[in-house]
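Each chain, letter by letter, is given below.
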Amino acid sequence: MVRINSAVIVGYGGYVPRYRIKSEEIARIWGRDKSELPVEEKAVAGLDEDTVTMAVEAAKIAIKRAGIPPSKIGAVHVGTESKPYAVKPSGTIVAEAIGAVPSVTAADFEFACKAGTEALQFITSLVDAGRIEYGLAIGADTAQGRPGDALEFTAACGAAAFIIGRDKNEGVAEIEAWTSYVTDTPDFWRREYERYPHHTARFTGDPAYFHHIVNSVKNLLENDGYTLNDIDYAVFHQPNVRFPLVAAKLLGIDLEKTKPGLITGYIGNTYAASSLLGLVKVLDQAKPGQRILLASFGSGAGSDSYIIRVLEGIEVKRSLAPTLDKFIERKTYIDYAIYARHRKKILM
Amino acid sequence: MSKVYVAGVGLTKIDEHWWMSLEYLMTEASLKALDDAGISRVDSIYVGSMLSPILQEQGHLGALLAEELGLSGIPAIGVEAASASGAAAVYTGAREIESGRANAVLVVGVDKMSDGMAEEVTAAMMSGERQEYVGFIGATFYSINALIYSLYMDRYNVGQEKIALFPVLCHEHAVNVPHAQYPFKIKLETVLNSPYISEPLRRFETTAIADGAAALVLVNEETAKKLDTPKTELIIEASTDYLTPFQREDPLWFPAIQLATSKALSRAKLERQDIKILELYDATSIMAIVSLESSGFAERGKAWQLLERGELGLSGALPCNTFGGLKARGHPAGATPVYQIAELHLQLTHRAGKNQVDSAKNGLAQSLGGVASTAFATILREV
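Residues numbered from 1 in each chain as written. Chains lettered and ligands numbered in written order. Predicted model: local features only at pLDDT ≥ 70, side-chain atom pairs only at ≥ 80, totals over all residues.

## Examining the overall build of chain A
Working step 1: The secondary structure content of chain A amounts to twelve helices and 14 strands.
Working step 2: With respect to the principal axes defined by its C-alpha atoms, chain A has extents near 55 × 45 × 35 Å.
Working step 3: Expressed as a percentage of its 348 residues, the buried residues of chain A come to 54%.
Working step 4: For chain A, long-range pairs separated by at least 24 residues make up 78% of all intrachain contacts whose partners lie at least 6 apart in sequence. (Helix = DSSP H or I, 4+ residues; strand = E, 2+ residues; numbered from the N terminus. Buried ≥ 20, exposed ≤ 12 C-beta atoms within 10 Å, placed from the backbone. Contact = placed C-beta atoms within 7 Å.)

## Re the packing of helix α6 (residues 141–156) of chain B against helix α12 (residues 285–294) of chain B
Residue and element names in this part refer to chain B.
Working step 1: Between α6 and α12, whose axes approach to 9 Å, the crossing angle comes to 60°. What the angle tells us is that α6 and α12 run oblique. Crossing of α6 against α12: the hand is left-handed. Residues N145, I148, Y149 and Y152 of α6 pack against I286, M287, I289 and V290 of α12.
Working step 2: Tallied by class, residues from the contact of α6 with α12 come to seven nonpolar, one polar and no charged. (Axes fitted to C-alpha atoms, helices over the stretch in contact; angles between N-to-C directions. Parallel < 35°, antiparallel > 145°, perpendicular 65-115°, else oblique. Left-handed = near helix turned anticlockwise from the far one by under 90°. Nonpolar A, V, L, I, M, F, W, Y, C, P; charged D, E, K, R; others polar.)

## Quick look at the interface of chain B and chain A
Working step 1: In this complex, chain B contributes five residues to the contact, which on the side of chain A involves eight residues.
Working step 2: Of the residues in the side of chain B that touches chain A, the class split is four nonpolar, no polar and one charged.

## Quick word on the pairing of strand β11 (residues 374–382) of chain B
Residues and elements named next belong to chain B.
Working step 1: Where burial is concerned, most of β11 is hidden: seven out of the nine residues are buried.
Working step 2: As defined by bridge partners, strand β8 (residues 232–240) adjoins β11 across nine bridges and the pair is classed as antiparallel. Directly across from T240, in β11, lies its bridge partner T374.
Working step 3: Looking at chain direction, strand β10 (residues 362–369) and β11 are connected through eight bridges and run antiparallel. By the bridge assignment, A365 is partnered in β11 with T378.
Working step 4: The hairpin turn running from β10 into β11, its antiparallel successor, is four residues long, and G370 in that turn takes a positive phi close to 65°. (Pairing = 2+ DSSP bridges.)

## Digging into the domain arrangement of chain B
Residue and element names in this part refer to chain B.
Working step 1: Here the domain parsing of chain B yields domain 1 (4–117 + 210–232) and domain 2 (122–206 + 235–382).
Working step 2: Contacts between domain 1 and domain 2 engage 39 residues on the former and 37 residues on the latter.
Working step 3: Elements represented by at least two residues in the side of domain 1 that touches domain 2 include exactly β1 (4–11), α2 (52–55), α4 (85–98), β4 (104–112) and β7 (211–220).
Working step 4: A per-class count over the side of domain 1 that touches domain 2 returns 25 nonpolar, ten polar and four charged. (Domains from an automatic or database assignment.)

Pasting the structure below:
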């Protein structure tokens, strides 16, 4: 594996919208059994929010922590499967909103729930190659779940943003290695002009989520010479509370290393933002020198895994902006009717 | 009429086999059975499958399997009788040997349910019922079972906790079974606290989506003598009934089971008390209970007492579903009957491992299509 020479996270930010709907409320509407709900509650975007506005919110927090002029950002990549525009990049709107235009490259990435870590791969590579001084990678989604479908319990809204630079002295964490594991596995998809995705029930587990994450992580550890002892935190894509814990178990990772970044029970599955918000949550508490294993999963299917080492800069920069907990704790509960309105589920 | 012998069995583990196709599963089971019998050629092949034309859009399984096995040229035919399809294939193969037209027949049961979404599988399972006016109203196999269940509890004044012991027994028996889908124990509370599939039927009283294939090599007496492999004698009988249980005189009585069982016992010159292992078709807990009564192994309204008294356990008077039954070994639809018969064969040839029931000389498998609209009774006898 070709080593990453110089790519550090210089600023990071997570954003979770204010509104929450409890799984029990969704179960009440659809007459579902309340004894085995996949999450407690999930985050719902407001009427005036979408993937782009949430991406901007997260980016602004990341910029605040990075302490750099936005004009120095040479690339804005947004990973999402809920673009407000089918044709027209979300990246341009975000770049304009934060003041990174016009000397910037902007694009959107789509790979279901791993689009965010994919954007991070490309930004890391552009910075490492010396093509740009700073780059902004975002994972953001207003995830769709068909009314009454199992997905509706978890499909949530959120965004995470990372500014990548070269100088370790200004970094909060260093990206030491990443790898990808991708196959053509159709576990979940949404075809053109369809409003909601299809999924293949339990097939989304073993041959999709677990197979790809486990192999991605194993390859990363083997190729780059890491062992499980090198890892202090493990963050996985979080479609529900159970899957990341099972993935950790399959890999032989202590559950106590996985729980600190596990937030899906309170905010739901934020799709392209899911594993990255887990990373934000861990950066909010990690100590310099600790290593974080990050492994996303995107249906279709693939997993990107990263080894990230926390740097000294974390202590100061963490306090420059609100931690993720502030957003998780800030909540207004809504019922299914308001939720249906917010998520535009009522079509005349 | 020639006698029929089982000379070899082949089983695939029942699971959600994401990495294996329908062809792969039935070929693997077939090769295992041929290896077990120690032969490489047969005179004909019969394949039983319920769902493959719907879920895989694959019919023509006879010629397909012959091709996969490199046996193209011999007669090979698919046989269908809903979830009793595998037994229908055994029946057809056995009749061919009895008639003297074949020396050795390969019989395979296969279904791969994980290729369908849950709702597709539920709809496909209703192909064994009358679509015109039962499927049409939105009834499912489980909702029909739920009605029978309610009626049973009401008529005989029996609580669900008595009937829900059946899945607990099945899971207990599956623990040491390598080919079982769910080889672990469960508690009665787990069954009673599981969500309703269709009230009062709970999830742990039903079966799950499963993939699997099982195969038998059937031979005539002359061939059996030449083969140096453990064998059992096979006697199979069949019967049918109205597709819809609520058109019958009494929904709590399955006459097809009674008829098929009596015919098989009579041909084998056996009495019910000679049967020391019973394989019931427990697609739901209540079906097992009504089957026990309909086939004369329990009094009407009292089958649950056998469960309560432990008589159906491995060391009981009538060990039942000794490899876990449909509930815990798994229920890959049309393949299931072939698993049942193969398991009886393993018992009677003393290859049942930790679940071996030593005292048994005869075993009976009941295989049902729909809610006992088709019933096969297969007796295996130690030789």
